[in-house]
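Architecture at a glance
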2 protein chains.
Amino acid sequence: MSPTTPLPQQSAPSGRRELPEAPFLAAARGERPARTPVWFMRQAGRSLPEYRALREGVPMLDSCFDPEMLAEITLQPVRRHGVDAAILYSDIVVPLKAAGVDLDIVPGTGPVVAEPVRDLAAVRALPELAAEQVSPIADGVKLLVERLGETPLIGFAGAPFTLASYLIEGGPSRNLEHTKALMHSAPEVWHELAGRLADIAVTFLRAQLDAGVDAIQLFDSWAGALSERDYRRFVLPHSAKVLEGVAAYGVPRIHFGVGTGELLAAMRDAGADVVGVDWRIPLDEAVRRLGGKAVVQGNLDPALLHASWPVLEAEVRRIVEEGKAADGHIFNLGHGVLPGVDPDVLTRVAGLVHEL
Amino acid sequence: MSPTTPLPQQSAPSGRRELPEAPFLAAARGERPARTPVWFMRQAGRSLPEYRALREGVPMLDSCFDPEMLAEITLQPVRRHGVDAAILYSDIVVPLKAAGVDLDIVPGTGPVVAEPVRDLAAVRALPELAAEQVSPIADGVKLLVERLGETPLIGFAGAPFTLASYLIEGGPSRNLEHTKALMHSAPEVWHELAGRLADIAVTFLRAQLDAGVDAIQLFDSWAGALSERDYRRFVLPHSAKVLEGVAAYGVPRIHFGVGTGELLAAMRDAGADVVGVDWRIPLDEAVRRLGGKAVVQGNLDPALLHASWPVLEAEVRRIVEEGKAADGHIFNLGHGVLPGVDPDVLTRVAGLVHEL
């Protein structure tokens with residue numbers, strides 16, 4: 001499908017399960033469930049010994065394309081921590097890999113792209129993604145929907161800007177200079193690339209939604225590197241295409257990036273139902289920036305999982321209290337779980353949130 | 001000197017040179033000189049071929065302690081770009097190294113500390129800094145004051161929080177989890193450490209001021225990782241101690257960190273005369289956050305030095321225009337020059353700023 005062709009609207013499949021009692025979904029709809037729902041970004045992964053045991057000798061991307069393994073890894077933190085949602089275990093580059101882009105995830109570095117994409121020819125040579133190319137992920141989702149019981153499952157995709165940054169830089173980058181230079185100097189190349197990546201994200205998310213995920217989160221991890229002016233001009237239209245492309249499913253759409261205090265309203269304007277907030281501003285201030293009516297997710301500094309329990313307890317209580325300014329609040333970290341964290345601390349935080 | 005002892009006030013040496021015509025100093029005082037002054041953070045360094053030639057085979061820290069070499073490296077960008085200020089070539093860990101802390105700068109990694117400092121015993125074992133330990137830097141400053149003519153020289157020091165983060169983490173860190181955990185869980189250890197580092201920064205800056213620098217910039221590079229609440233509680237008092245410790249010299253004190261849009265007023269409250277602003281918010285918004293009266297420095301995204309000239313020209317013009325909202329504006333980047341930049345682009349930007 002050409003990126004200039006509008007994506008066909010799909011109607012929500014009638015087979016979608018209903019989870020009317022799920023606190024996560026109630027909060028995402030802007031309601032106040034009996035308890036504050038909680039999950040943790042990167043709850044599935046390196047912080048858990050059972051994850052490290054299962055992954056031993058298995059390359060990251062192999063684990064993301066193995067339905068049984070990705071289902072088991074997704075379930076591990078739900079069993080252990082009693083969180084209110086599962087997040088599909090995957091990686092931001094999975095749909096690119098599935099489409100045939102030559103890349104790998106290098107331990108200790110991150111995604112590395114064989115041929116950086118920096119001109120129109122390279123953009124046009126990018127493959128499209130067909131739903132059947134991500135069928136192992138869809139199969140994993142189907143296993144999860146069977147096994148999760150009443151716990152909602154959140155689908156996962158990377159937003160066009162962050163995906164594009166990996167393709168343009170060739171890997172993780174501190175300063176994103178090639179990405180920013182390209183978007184400003186060759187906007188036609190940028191918009192073609194971001195449009196194609198939006199299509200890929202929509203196909204990836206629809207495959208997950210067709211297989212039964214109950215919500216989706218669009219990760220624009222590095223959007224906070226941009227000014228609001230640049231975000232609205234270069235990024236928002238493409239993230240909006242993704243979020244609109246899954247609107248017909250009627251499930252909550254969460255949108256998150258780190259360091260996005262200046263971008264919260266713009267990210268909501270892209271079509272998010274729930275806006276993720278890192279730890280740099282309190283949730284009541286985030287709600288104010290969102291015009292006073294908003295559903296927010298966040299915002300415990302993941303570094304503070306290394307602090308003493310009294311410190312952590314006070315932070316959790318503060319955040320739950322400040323979250324009352326929102327129409328709905330899903331407790332979470334302000335970024336992903338760090339690998340060195342004691343998982344028992346996460347369990348204790350989840351329990352505390354449920355008590356408050 | 002114990003960190004709990006107030007530092008003695010020093011009166012400004014009567015031998016300080018006057019540079020009444022320097023646009024940089026006029027803007028720093030909140031005046032509007034005939035042209036907008038411009039310099040670039042990290043203008044001395046890897047972007048310049050003459051720097052790379054001079055440094056060949058010389059370890060980073062050796063070059064920082066060689067008066068002739070540091071003077072020459074400091075002068076290189078002034079000759080080449082015609083900027084309105086020189087910034088002392090140094091590194092944030094130089095005063096720690098001078099005091100005897102076991103650390104090195106590892107190419108491609110950054111500062112690496114042999115023994116991370118994470119408890120009170122380790123903090124109390126930290127050496128103090130005596131002015132004579134940084135006499136090579138003071139000697140370099142004296143050479144520079146002779147050689148710079150009418151161009152002001154900015155002294156350089158790292159702020160306590162950023163210095164502490166290297167000592168606590170043992171090197172550069174993306175998430176600063178040990179630093180944040182320590183400041184929250186063991187505030188008495190944190191404040192002892194930050195207080196000692198403030199003393200070291202004061203001694204280092206006074207040595208530079210006594211040797212003749214015309215302004216100082218206190219770099220709190222990673223302060224943007226903190227919420228304003230945490231910044232004001234754990235960091236501001238120590239940065240204020242540094243800025244107050246050099247107040248008697250009567251020279252402009254610039255204070256900068258990246259990603260500090262939420263912290264600008266707090267950083268000014270620490271005692272800064274000039275507040276550095278990265279590229280994430282426009283200067284007129286920064287001035288608004290500073291209460292409408294402020295001298296600001298910034299705020300071109302260094303990544304855009306890789307963009308095409310028409311894009312860059314438009315950005316420079318926008319920033320100069322937005323800077324008119326301030327009482328004084330010193331044009332600069334929003335962070336340091338990236339190593340891969342074409343230095344001719346910097347020269348062209350400096351020329352354009354002078355024309356506007």
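Basis of the calculations
- Residues numbered from 1 in each chain as written.
- Chains lettered and ligands numbered in written order.
- Predicted model: local features only at pLDDT ≥ 70, side-chain atom pairs only at ≥ 80, totals over all residues.
- Heavy atoms only, no water.
- UniProt positions renumbered as here; feature names shortened; annotations may be inferred.
- Least-squares fit on C-alpha atoms with pLDDT ≥ 70 in both.
- Contact = heavy atoms within 4.5 Å.
- Helix = DSSP H or I, 4+ residues; strand = E, 2+ residues; numbered from the N terminus.
- Expected span 1.5 Å × (residues − 1).
- Buried < 20%, exposed > 50% of the residue type's maximum accessible area, 1.4 Å probe, protein only.
- Phe/Tyr/Trp six-rings, centres within 6.5 Å; stacked < 30°, edge-to-face > 60°.
- Axes fitted to C-alpha atoms, helices over the stretch in contact; angles between N-to-C directions.
- Parallel < 35°, antiparallel > 145°, perpendicular 65-115°, else oblique.
- Nonpolar A, V, L, I, M, F, W, Y, C, P; charged D, E, K, R; others polar.
- Buried area = accessible area lost by both parts, 1.4 Å probe.
- Salt bridge = Lys/Arg side-chain N within 4 Å of Asp/Glu carboxyl O.
- Polar contact = N/O pair within 3.5 Å; in protein donor to acceptor, adjacent residues only side chain to side chain.
- Pairing = 2+ DSSP bridges.

As recorded by an unreviewed UniProt entry, chain A carries the name Uroporphyrinogen decarboxylase and is attributed to Amycolatopsis australiensis. In UniProt, chain A has this text filed under Subcellular location (unreviewed entry): "Cytoplasm". Its UniProt record gives chain A a comment under Sequence similarities (unreviewed entry), which states: "Belongs to the uroporphyrinogen decarboxylase family."

With that out of the way, let us pick up the relation of the copies chain A and chain B. Screw-axis analysis of chain A against chain B gives a translation of 0.0 Å along the axis, an RMSD of 0.0 Å, and a rotation angle of 180°. Between the two chains, the operation in question is that of a two-fold axis. Among all residues of chain A, the one whose C-alpha sits closest to the rotation axis is A:G259, at a distance of 4.0 Å. A share of 100% of the interface residues of chain A reappears at the interface of chain B, consistent with the copies meeting face to face through the same patch.

Let us now look at helix α10 (residues 187-211) of chain B. Residues that lie three or four places apart on an α-helix share one face, since the helix turns once every 3.6 residues. Residue and element names in this part refer to chain B. When the terminal C-alpha atoms of α10 are compared, their 36 Å separation across 25 residues agrees well with the 36 Å that a helix rising 1.5 Å per residue should span. A large share of α10 lies buried, amounting to 21 of its 25 residues. Looking one or two residues beyond α10, the residue adopting positive phi is G212, at roughly 125°.

Moving on, we get to the packing of aromatic side chains. All names here are of chain A. Taken as a whole and assessed by the stated rule, the structure comprises eight aromatic pairs over all chains. When the ring of F156 is compared with that of F219, the centres are 4.8 Å apart and the planes differ by 40°; the resulting orientation is tilted. Here F156 is found in strand β4 (residues 153-158), whereas its partner F219 is found in strand β5 (residues 215-219), with 63 residues between them in sequence. You can call F156 buried: its relative accessible area is 11%. Aromatic rings pair up to connect F156, F219 and F256 into one cluster.

Residue and element names in this part refer to chain A. Within the UniProt annotation, "domain: Uroporphyrinogen decarboxylase (URO-D)" (unreviewed entry) is assigned to residues 37-46 and 154-170. From the first C-alpha to the last, residues 37-46 spans 23 Å; its make-up is 0% helix and 0% strand. Taken end to end, residues 154-170 has its terminal C-alpha atoms 28 Å apart, with 59% of it in helix and 29% in strand.

Residue and element names in this part refer to chain B. At their nearest, the axes of helix α8 (residues 160-169) and helix α9 (residues 177-185) sit 8 Å apart, and the two run at 105° to each other. Taken together, α8 and α9 sit at an angle that is classed as roughly perpendicular. On α9, the residues that touch F161, S165, I168 and E169 of α8 are E177, H178, T179, L182 and M183. When its residues are assigned to classes, the contact of α8 with α9 shows four nonpolar, three polar and two charged.

Right, let's get into the interface of chain A and chain B. Facing the 33 residues of chain A at the interface are 33 residues of chain B. The largest per-residue losses of area from chain A upon contact with chain B belong to A:R229, A:E262 and A:R280, which jointly make up 20% of the total buried on that side. Taken together, the links from chain A to chain B amount to six salt bridges. A salt bridge links A:D301 to B:K180; its shortest N-O distance comes to 2.7 Å. Summed over the shared surface of chain A and chain B, the result is twelve residue pairs in polar contact (both at pLDDT 80 or more). Considering every element that reaches the side of chain A that touches chain B, the biggest residue donor is helix α9 (residues 177-185) of chain A, with five residues. For the side of chain A that touches chain B, the class distribution of residues is 13 nonpolar, eight polar and twelve charged.

Time to look at the sheet that holds strand β9 (residues 328-333) of chain B. Hydrogen bonding along the main chain pairs the strands of a sheet, whether they run parallel or antiparallel. All names here are of chain B. Reading across the sheet, the seven strands line up as β1-β4-β5-β6-β7-β8-β9 and stay open at both edges, with parallel pairing between neighbours. Unpaired on one side and paired on the other, β1 (86-87) and β9 mark the two borders of the sheet. Across two bridges, strand β7 (residues 274-276) lies against strand β8 (residues 295-300) in parallel orientation. Bridge pairing in β8 places V275 opposite V296.

All names here are of chain A. In the numbering used here, UniProt assigns the feature "binding site: substrate" (unreviewed entry) to R42, Q43, A44, G45, R46, D91, Y166, S221 and H335. Taken together, the annotated residues stretch across 294 residues and extend over separate regions, lying up to 23.1 Å apart by C-alpha. On the accessibility criterion, R42 (55% relative accessible area) is exposed. Residues within four places of R42 in sequence aside, it is in contact with G336 and V337. Those residues in contact with H335 that lie beyond four places of it in its chain are M41, W222, F256, V258, W279 and P302.

Turning our attention to the environment of A:H184. Turning to its location among the elements, A:H184 is positioned in helix α9. Exposure remark for A:H184: the relative accessible area of 6% places this residue in the buried category. Along the primary structure A:H184 and A:R233 are separated by 49 residues, whereas in three dimensions their C-alpha atoms are 10.0 Å apart. Not counting residues up to four positions away in its chain, the partners in contact with A:H184 are A:D230, A:R233, A:F234, B:L304, B:V311 and B:E315.

All names here are of chain A. Taken together, the seven strands give an open sheet; going across it, the order is β1-β4-β5-β6-β7-β8-β9, and neighbouring strands pair in parallel fashion. Since the sheet does not close on itself, it has two edges, and those belong to β1 (86-87) and β9 (328-333), each with one partner. Alignment of β5 against strand β6 (residues 253-256), held across four bridges, turns out to be parallel. Bridging from a neighbouring strand, F219 pairs with F256 of β6. Against the sheet, helix α14 (residues 309-322) touches β8 (295-300) and β9, its axis set at about 165° to β8.

So, about the pattern of salt bridges. On inspection of all chains with the given rule, the structure shows 50 salt bridges over all chains. Note that B:R289 is salt-bridged to A:E262, the shortest N-O span being 2.8 Å. Linking B:R289 in helix α13 (residues 283-289) with A:E262 in the loop between β6 and α12 (264-269), this pair reaches from one chain into another. Residue classification places B:R289 among the partly exposed positions, given a relative accessible area of 24%. Among the ionic pairs, B:R268 bridges to B:D269, the shortest N-O distance being 3.5 Å. Residues participating in the shared-partner salt-bridge network are A:E228, A:R232, A:R268 and A:D269.

What follows deals with unusual backbone geometry. Note the cis peptide between A:G298 and A:N299, where omega equals -5°. Summarising the element assignment, A:N299 is placed in strand β8. Phi angles above zero are rare outside glycine, and A:R42 is one such case at about 60°. Among the structural elements, A:R42 can be located in the loop between α1 (23-28) and α2 (49-55). Backbone geometry places B:L176, a non-glycine residue, at a positive phi of 55°. If you trace the backbone, B:L176 turns up in the loop between α8 and α9. Residue classification places B:L176 among the buried residues on the basis of a relative accessible area of 4%.

It is worth spelling out the environment of B:I216 at this point. All names here are of chain B. Within the secondary structure layout, I216 lies in strand β5 (residues 215-219). Residue classification places I216 among the buried residues on the basis of a relative accessible area of 0%. Along the primary structure I216 and A265 are separated by 49 residues, whereas in three dimensions their C-alpha atoms are 19 Å apart. If near-sequence neighbours (up to four positions away) are discounted, I216 is found in contact with I154, G155, L205, L209, L243, V246, V251, P252, R253 and I254.

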